[in-house]
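Given next are the chains, with one letter for each unit.
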Amino acid sequence: MTPKAPRFNNCAVLSPQQLDQLLQVLIKRDYEVLGPTIREGAVVYDHVDSTKDLPAGWTDEQAGGKYRLKRREDDALFGFVVGPHSWKKYVFPPAMRLWQAHRSDGLFQIVPETRKATKFAFIGVRACELHALSIQDKVFLKGPYVDTVYKLHRENIFIVAVDCVQAGGTCFCASMNTGPKAAAGFDVALTEVLHEGRHHFIVRMGTKAGADLMSQVPHEEATAADVEFAENLVAEAAKHMGRSLDVNGIKEILYRNIEHVRWDQVADRCLSCSNCTMVCPTCFCSTVEDLTDLSGQQAERWRKWDSCFTTDFSYIHGSSVRSTPRSKYRQWMMHKLAYWIDQFGTSGCVGCGRCITWCPVGIDITEEARVIREGETLASAAG
Amino acid sequence: MAAVRKPKIAVWKFASCDGCQLSLLDCEDELLSIVGAVEIASFPEATRAVVKGPYDISLVEGSITTPHDEERIHTIRRSSKLLITIGACATSGGIQALRNFKNVADFIPMVYAKPEYIETLSKSTPINDHVFVDFQLRGCPINKLQLVEVLNAFLNRRKPVTPAHGVCMECKRRGTVCVMVANGTPCLGPVTLAGCGALCPAYDRGCYGCFGPKETPNTTSMSAGWTALGVTEPELVRAFRSFNAYAEAFRKESEAHER
Ligand code: SF4
Ligand code: SF4
């Protein structure tokens, strides 16, 4: 269950300059401010010092296996959707040392890592990403074992969410009930409005911390008309999703079709390259690697992002449980849309579309699910 | 306690450019500790001195291209406890395996003034076509850090950390934006073994496949992806036919596009 958003007062209006002041207050409060910025031909997440670092006037065009930046006709600061990075890289780092050990007098001494608590401010978190964070919270924090690293990075995050007022070519959050409006899990949420020569942000406060921050930033009160206009923009975006996925009974459908011929067909195209899992904001698998120095006196254990698409990932005494691309792809998609529901009480997919865009051959989870569903409908119509 | 004997390591060269064994010399920071940990018994690139076998570890660079080398590799195998092949030549036949797709007798007279002195095999083949190989370290050239890791692992009797997955995971872990998706640049990363640290995509180039095929390489789908980007059949042949041309998956894929 995602937490309910508390409401503190009415909505506020920020100009782009005032939004920059908001970032400056965060920086003054020792936050490491992270947000969307352009690098290597894509919108990625990295350090931002001011709104100047945001991708002003850029948008993205996305399709299966294809991503291109395009100039917009306006100076929107958040006029794109999600890119190849997700926020998980900050809370669940791609590679990190877990501990070190050294040998002395024939004994091993473990040296735990000393880690500093971080204070991240995430700027421009989308609705699907808020859901992804809450899913990873469940995985890393709410089970019998708490991931201490995740907890350390996650605890102090200040989240500035942004509603999507345009949907991407591979987006389907509307199907997954995860967007495009940021519903909960943020400190403040913005809707960017560019209308009749005006450019401003309608701000909703989600937490006390958010309200407190806003008290430090000059702003105006939003009128009911401002708010309604912004809400309409978001509602409009929901109607223009590039993809859709019918989730009705999806778990049962997939369970019934574990030997469907479609798994063979998708395996013909799948490269088992793992890109889909790496870019997915909810995928959480990792491996550990043990290293030593040449003398054998020092050892280190590292944790790295891993994927159900590697053969080593399912290696259990003597051989790999899932050695074929068919079994790997099936495991991934079944986990996202079916097993996850049994395991964590939620879908593992938030409809962000990254796995579709960043698959080098454009394999599309919504299409795969549709074909399997339609196969059932046809079969029952015939039978 | 008796003094522990240092493991004896020999480096051997067959048909190759020496680039891989030079990686060992290139390990400046680690070289002193390597030299401290082992006895370098034979290493033509570094010293003329040769210590007699048997050797604990033989590092073999290069492919088998002559009848003489075909014999020599057996002698080396017999005198080595562990035989580790390093580089694309030793593990797949190297760039010189391009001859395997043609008739070598046709071009000997074009290259050599006195072809009768040339004694060569019709194919350039990897070491493991001839003798049992304990471990293969791939790459053209190999990654020196991986070489240190392999030696380190064998000296410490543990499994080397050398992944079997593809280059894409290295790109994604370092946050590199996919050149194929974001720029339409043909890239062999999805079918190529990781190990270089995803160097080329980090410099905006597609992967050239220096480390050869990864585990479960779907080269057919890779080619379909490249074709969709406008790559022609002859270009596909050349892409798969480079340093690892004779590695099975790459060989079959290049042949599939040759009429
Ligand atoms: S499965 Fe694909 S669409 Fe769903 S959350 Fe992961 S990357 Fe996004
Ligand atoms: S579905 Fe696409 S991104 Fe995922 S492993 Fe297969 S080819 Fe790679």
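Residues numbered from 1 in each chain as written. Chains lettered and ligands numbered in written order. Predicted model: local features only at pLDDT ≥ 70, side-chain atom pairs only at ≥ 80, totals over all residues. Heavy atoms only, no water.

S.K.: Could you clarify how one ought to interpret the overall build of chain B in this entry?
M.R.: Helix and strand counts for chain B stand at 12 helices and five strands. By the compact-globule yardstick of 18 Å for 259 residues, chain B fits well, its C-alpha radius of gyration being 20 Å. Principal-axis analysis of the C-alpha atoms gives chain B an extent of 65 × 55 × 25 Å. Counting only residues that meet the buried cut, chain B has 52% of its 259 residues in that class. In chain B, the proportion of contacts linking residues at least 24 apart, taken out of those at least 6 apart, comes to 72%. Split by element, the accessible area of chain B, about 12100 Å² in all, is 57% carbon and sulfur. Where the 29 positive side-chain charges of chain B centre and where its 27 negative ones centre are 4 Å apart. (Helix = DSSP H or I, 4+ residues; strand = E, 2+ residues; numbered from the N terminus. Rg over C-alpha atoms; globule rule 2.2 N^0.38 Å. Buried < 20%, exposed > 50% of the residue type's maximum accessible area, 1.4 Å probe, protein only. Contact = heavy atoms within 4.5 Å. Areas by Shrake-Rupley, 256 points an atom, 1.4 Å probe, with all protein chains shown as cover. Lys, Arg positive; Asp, Glu negative; His and termini not counted. Charge placed at Lys NZ, Arg CZ, Asp CG, Glu CD.)

S.K.: Even after reading the chapter, I still don't get the overall build of chain A, so can you show me in this structure?
M.R.: Looking only at helices and strands, one finds 13 helices and 16 strands in chain A. What you see for chain A is a C-alpha radius of gyration of 22 Å, in line with the 21 Å of a compact globule of 383 residues. The buried share among the 383 residues of chain A stands at 54%. Counted over contacts in chain A with a minimum sequence separation of 6, partners at least 24 positions apart contribute 71%. Mean positive and mean negative side-chain charge positions of chain A (44 and 46 charges, respectively) differ by 3 Å.

S.K.: Got a minute to help me understand the domain arrangement of chain A in this structure?
M.R.: Many descriptions give the size of an interface as the accessible area lost when the pieces come together. All names here are of chain A. For chain A, the assigned domains are domain 1 (11–239) and domain 2 (250–382). The interface of domain 1 with domain 2 comprises 43 residues on the first partner and 39 residues on the second. Taken together, the two surfaces of domain 1 and domain 2 that pack against each other cover about 3500 Å², and 60% of this comes from carbon and sulfur. Counting every contact that joins domain 1 to domain 2 gives three salt bridges. (Domains from an automatic or database assignment. Buried area = accessible area lost by both parts, 1.4 Å probe. Salt bridge = Lys/Arg side-chain N within 4 Å of Asp/Glu carboxyl O.)

S.K.: How do you make sense of the domain arrangement of chain B when you look at a structure like this?
M.R.: All names here are of chain B. Taken domain by domain, chain B holds domain 1 (8–155) and domain 2 (167–256). Counting across the interface, domain 1 meets domain 2 through zero salt bridges. Across the domain 1-domain 2 interface, the total number found is five residue pairs in polar contact (both at pLDDT 80 or more). Of the residues contributing to the side of domain 1 that touches domain 2, the split by class is seven nonpolar, seven polar and two charged. (Polar contact = N/O pair within 3.5 Å; in protein donor to acceptor, adjacent residues only side chain to side chain. Nonpolar A, V, L, I, M, F, W, Y, C, P; charged D, E, K, R; others polar.)

S.K.: I keep staring at the layout of surface pockets and nothing clicks. Help me out?
M.R.: Taking a probe equal in size to a water molecule and rolling it over the atoms shows the remaining empty space. The calculated volume of the largest pocket comes to roughly 870 Å³. In terms of lining, the largest pocket is formed by 33 residues, of which the most central are Asp312 of chain A together with Lys159, Thr162, Pro163 and Ala164 of chain B. Elements supplying a minimum of two residues to the lining of the largest pocket: strand 13 (286–292) of chain A together with helix 4 (87–92), strand 5 (135–137) and helix 12 (248–256) of chain B. Considering every element that reaches the lining of the largest pocket, the biggest residue donor is strand 13 of chain A, with four residues. Of the residues assigned to the lining of the largest pocket, the class counts are 15 nonpolar, nine polar and nine charged. (1 Å grid on protein atoms, 1.4 Å probe; cavity = no way out; pocket = protein on both sides within 12 Å on 5 of 7 lines; lining within 4 Å. Points joined across faces, edges and corners; volume = space filled by probe spheres on them.)

S.K.: Before we go on, may I ask you to explain the environment of Trp263 of chain A in this structure?
M.R.: All names here are of chain A. Mapping Trp263 onto the fold places it in helix 9 (residues 262–269). Put simply, Trp263 and Ile372 are 109 residues apart on the chain and 9.3 Å apart in space, counted from C-alpha to C-alpha. What Trp263 contacts, discounting residues up to four positions off in sequence, is Leu254, Asn257, Ile258, Arg326, Tyr329, Arg330, Met333, Met334 and Ile372.

S.K.: So what exactly am I meant to see when it comes to the interface of chain B and chain A here?
M.R.: Taken together, the contact pairs 31 residues of chain B with 47 residues of chain A. A combined buried area of about 3000 Å² lies between chain B and chain A, and 58% of that area is made up of carbon and sulfur atoms. The three residues of chain B that bury the most area against chain A are Lys172, Arg173 and Val181 of chain B, which together make up 23% of that side's buried surface. Applying the counting rule to chain B against chain A returns zero salt bridges. The tally of links between chain B and chain A comes to 21 residue pairs in polar contact (both at pLDDT 80 or more). For the side of chain B that touches chain A, the secondary-structure elements that each account for two or more residues are helix 2 (28–37), helix 6 (144–155), helix 7 (167–174), helix 8 (179–183) and helix 10 (219–228) of chain B. Classifying every residue of the side of chain B that touches chain A gives 12 nonpolar, 12 polar and seven charged.

S.K.: Before we go on, may I ask you to explain the side chain of Asp226 of chain A in this structure?
M.R.: Residue and element names in this part refer to chain A. By secondary structure assignment, the location of Asp226 is in helix 7 (residues 224–238). Buried and without a salt bridge, Asp226 has Arg198 as its closest oppositely charged side chain, separated by 4.1 Å. Contact partners of Asp226, with chain neighbours within four places excluded, come to Val13, Arg198 and Ile202.

S.K.: What am I meant to see in the sheet that holds strand 8 (residues 120–125) of chain A here?
M.R.: Adjacent strands of a sheet pair through backbone hydrogen bonds, lying either parallel or antiparallel. Residues and elements named next belong to chain A. Ordered by their spatial adjacency, eight strands build an open sheet running 3-2-8-9-10-11-1-12, and the pairing between neighbours is mixed. Edge strands, defined here as strands with exactly one partner in the open sheet, are strand 3 (42–47) and strand 12 (220–221). Taken together, the four bridges between strand 8 and strand 9 (residues 158–162) define a ladder with parallel strand orientation. The residue of strand 9 that forms the bridge with Ile123 is Val160. The sheet strands contacting helix 1 (residues 16–28) are strand 1 (12–14), strand 2 (32–39), strand 8, strand 9, strand 10 (188–195) and strand 11 (198–205), and the helix crosses strand 1 at an angle near 95 degrees. Most of the contacts of helix 3 (residues 127–141) go to strand 8, to which it runs at about 135 degrees, and overall it touches strand 3, strand 8 and strand 9. (Pairing = 2+ DSSP bridges. Axes fitted to C-alpha atoms, helices over the stretch in contact; angles between N-to-C directions.)

S.K.: Explain helix 11 (residues 325–344) of chain A to me, please; I cannot follow it from the model alone.
M.R.: An α-helical segment advances 3.6 residues per turn. Residues three or four places apart therefore align on the same side. Residues and elements named next belong to chain A. In the structure, helix 11 departs most strongly from a straight axis at His335, where the bend amounts to approximately 60 degrees. Among the 20 residues of helix 11, 15 are classified as buried, and the element is accordingly described as predominantly covered. Positive phi appears at Gly345, one or two residues downstream of helix 11, with a value of about 75 degrees. (Bend = angle between axes of the 7 residues up to and from the residue.)

S.K.: In this structure, what is going on with the packing of helix 10 of chain B against helix 11 (residues 233–240) of chain B? I would like to understand it.
M.R.: The description of two helices packed together rests on the angle between their axes and the distance between the axes. Residue and element names in this part refer to chain B. Between helix 10 and helix 11, whose axes approach to 11 Å, the crossing angle comes to 135 degrees. By the criterion of interaxial angle, the relationship of helix 10 to helix 11 is oblique. Where helix 10 crosses over helix 11, the two elements pack in a sense that is right-handed. Contact residues: helix 10 offers Thr219, Met222, Ser223, Trp226 and Thr227, while helix 11 offers Leu236, Ala239 and Phe240. Class assignment of the residues belonging to the contact of helix 10 with helix 11 gives a composition of five nonpolar, three polar and no charged. (Parallel < 35°, antiparallel > 145°, perpendicular 65-115°, else oblique. Left-handed = near helix turned anticlockwise from the far one by under 90°.)

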